[in-house]
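Residue strings, one per chain:
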Amino acid sequence: MDRRQIMLAGLLAAGTGAAGAQDGTTLRIVSGYAPGGATDKVARIVGEKLQARLGITVLVENRTGAGGRLAAQQVKAAPPGQHVLMIANPAVMVVAPLVFKDNGYDAERDFVPVSHVNNYDFAVSVAGAVPVRELSHLVAWLRANPDKANFGVPATGSLPHFVALMLAEKAGVKAQVIGYRGSAPLITDLIGGQVPVSVDTLDTVLPQHEGGKLRILASSGAARAPISPKIPTFQESGLPLVATGWNAFFAPASMPAATVQRYAAAITEVMKDPDTQRKFAAAQMTAVISTQAQTAAMLQAYRAQWAPVVQKSGYQP
């Protein structure tokens, strides 16, 4: 257990008094991403609320590596009696199974959807030196400067990678996708002019946009994002492209159905809590209230949407 896990457990235990101790249950929420990132924030907000609602101890564990796949492998192997959930996004549950020959897990067979808790949009941003202020201007600039059609993304094989490919295809340009090891170095290079264009999650680049360090030209949702109502969508800007990401909780297939249903119902109630929704909004994330059945349907539809895109790209890790 790392220091952040110990601190979270202590804070949660203090917040729920003796209830957690009386129950005796410890729920581990495993995240494949580093502390402080969007997925980690979601896990900690929901974990705190779950402990208060269920009277249990909740620990968030950051099992980083291999783009979230190590976390999936760990949760898959959990024995039936272990209380463990994984928080994951499309990179782990949709993209990786399509592009890696040996994932170490089967996303459909080894996991049970529990609850879809938030959505997020993607954004296309440009460096200050790029002489455009609208997405249509960027398309024209890229067509006139094909050697500069370099799109930075936070990781190769990530959803932003495929959003960049789709955007370039619909714009009629051939993109060179440059993968980084996370958003921080990508943003540094974008601000510094080492890469002219980036595709990343909207919430990640919004502070730099608001600070004037880079320019967001458009976001990928079906409607303008509540956190950035002044930024137009790809569709409004003339490109017929809608793409959203999400975070959802999954249980290992070994977990008894009654236990899965208990956690699914509890998370649904947690997401209805106005304080939960305020915390999501403060973290610039869009909260979602979803049942277990709705989560399973969302996942199925998402796989149907993105499998052809990933396969058509010909991407090889």
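Just so we're clear, the structure is a prediction, and the values are computed from it rather than from any experiment. In this convention, every chain numbers its residues from 1, walking through the sequence in written order. pLDDT decides what is reported in this predicted model: residues at 70 or higher carry local features, side-chain atom pairs at 80 or more are listed and counted, and totals for whole chains, interfaces and linings draw on all residues regardless. As a convention, hydrogens and water are excluded, and side-chain values are obtained from all of the structure's heavy atoms.

A.B. asks: Mind laying out the environment of V126, listing which residues take part and the relevant values?
C.D. replies: Mapping V126 onto the fold places it in strand β4 (residues 111-126). If near-sequence neighbours (up to four positions away) are discounted, V126 is found in contact with V132, L138, L190, P196, V197, L214, R215 and L217. For the purposes of this entry, the term helix denotes a DSSP run of H or I that reaches at least four residues, the term strand denotes a run of E that reaches at least two, and both are numbered from the N terminus. Contacts between residues were defined by any pair of non-hydrogen atoms, one from each residue, lying within 4.5 Å.

A.B. asks: Which residues make up the pattern of salt bridges, and what values do they have?
C.D. replies: Criterion for a salt bridge: a side-chain nitrogen of Lys or Arg within 4 Å of a carboxyl oxygen of Asp or Glu. Counted according to the given criterion, the structure contains 13 salt bridges. With a closest N to O distance of 3.2 Å, D273 and K49 form a salt bridge. Of the two residues, D273 is situated in the loop between α10 (257-272) and α11 (274-282) and K49 in helix α3 (residues 38-54); the sequence distance between them amounts to 224 residues. Look at the salt bridges and you will find they share partners, linking E48, K49, D273, D275, R278 and K279 into a network.

A.B. asks: For the pairing of strand β1 (residues 26-31), give the residues involved together with the corresponding values.
C.D. replies: Most of β1 is tucked away, with five of its six residues classed as buried. For two strands to be treated as a pair, DSSP must find at least two bridges joining them. Across six bridges, β1 lies against strand β2 (residues 57-62) in parallel orientation. Among the inter-strand pairings, T26 is bridged to a residue of β2, identified as T57. Crossovers are marked right-handed if the path from the first strand over the helix to the second runs clockwise, as seen with the strands pointing away from the viewer. As a crossover connection, the stretch from β1 through α3 into β2 is right-handed. With four bridges joining them, β1 and strand β3 (residues 84-88) adopt parallel strand pairing. Relative accessibility under 20% of the residue-type maximum defines a buried residue, over 50% an exposed one, and the middle range a partly exposed one, all with a 1.4 Å probe and only protein chains included.

A.B. asks: Outline the side chain of D121, supporting the account with residue identities and numerical values.
C.D. replies: Here D121 is to be found in strand β4. This buried residue, D121, is left without a salt bridge; R224 holds the nearest opposite charge, at 10 Å. When residues no more than four places from it in sequence are discounted, the contact partners of D121 are D200, T201, L202, S220, G221, A223, A225, A243 and T244. The charge count treats Lys and Arg as positive and Asp and Glu as negative. His and the chain ends do not count.

A.B. asks: So what about the environment of L190? Which residues, and what values?
C.D. replies: Residue placement: L190 occurs in helix α8 (residues 183-192). With a relative accessible area of 0%, L190 lands in the buried category. Sequence spacing of L190 and D110 is 80 residues, and the spatial spacing of their C-alpha atoms is 39 Å. Setting aside its immediate chain neighbours within four residues, L190 contacts S125, V126, A127, V195, P196, V197, S198 and L214.

A.B. asks: I'd love a proper account of the packing of α3 against α11, names of residues and values included.
C.D. replies: Axes here refer to lines fitted to C-alpha atoms; in helices the fit is confined to the stretch in contact. Angles between the N-to-C directions go from 0 to 180 degrees. Packing of α3 against α11 brings their axes to within 11 Å, and their N-to-C directions diverge by 165°. As summarised for this structure, α3 and α11 are arranged roughly antiparallel, according to the angle between their axes. For α3 against α11, the interelement crossing comes out right-handed. Residues V42, I45, V46, E48 and K49 of α3 touch α11, and the partners they reach there are D275, T276, K279 and F280. Under the scheme applied here, ten amino acids are nonpolar (Ala, Val, Leu, Ile, Met, Phe, Trp, Tyr, Cys and Pro), four are charged (Asp, Glu, Lys and Arg), and all others, including Gly, are polar. Class assignment for the residues of the contact of α3 with α11 results in four nonpolar, one polar and four charged. An angle counts as roughly parallel when it lies under 35 degrees, as roughly antiparallel when it exceeds 145, as roughly perpendicular when it falls between 65 and 115, and as oblique in every other case. Crossing handedness: left-handed means the near helix sits turned counterclockwise from the far one by under a right angle, and right-handed means the same turn made clockwise.

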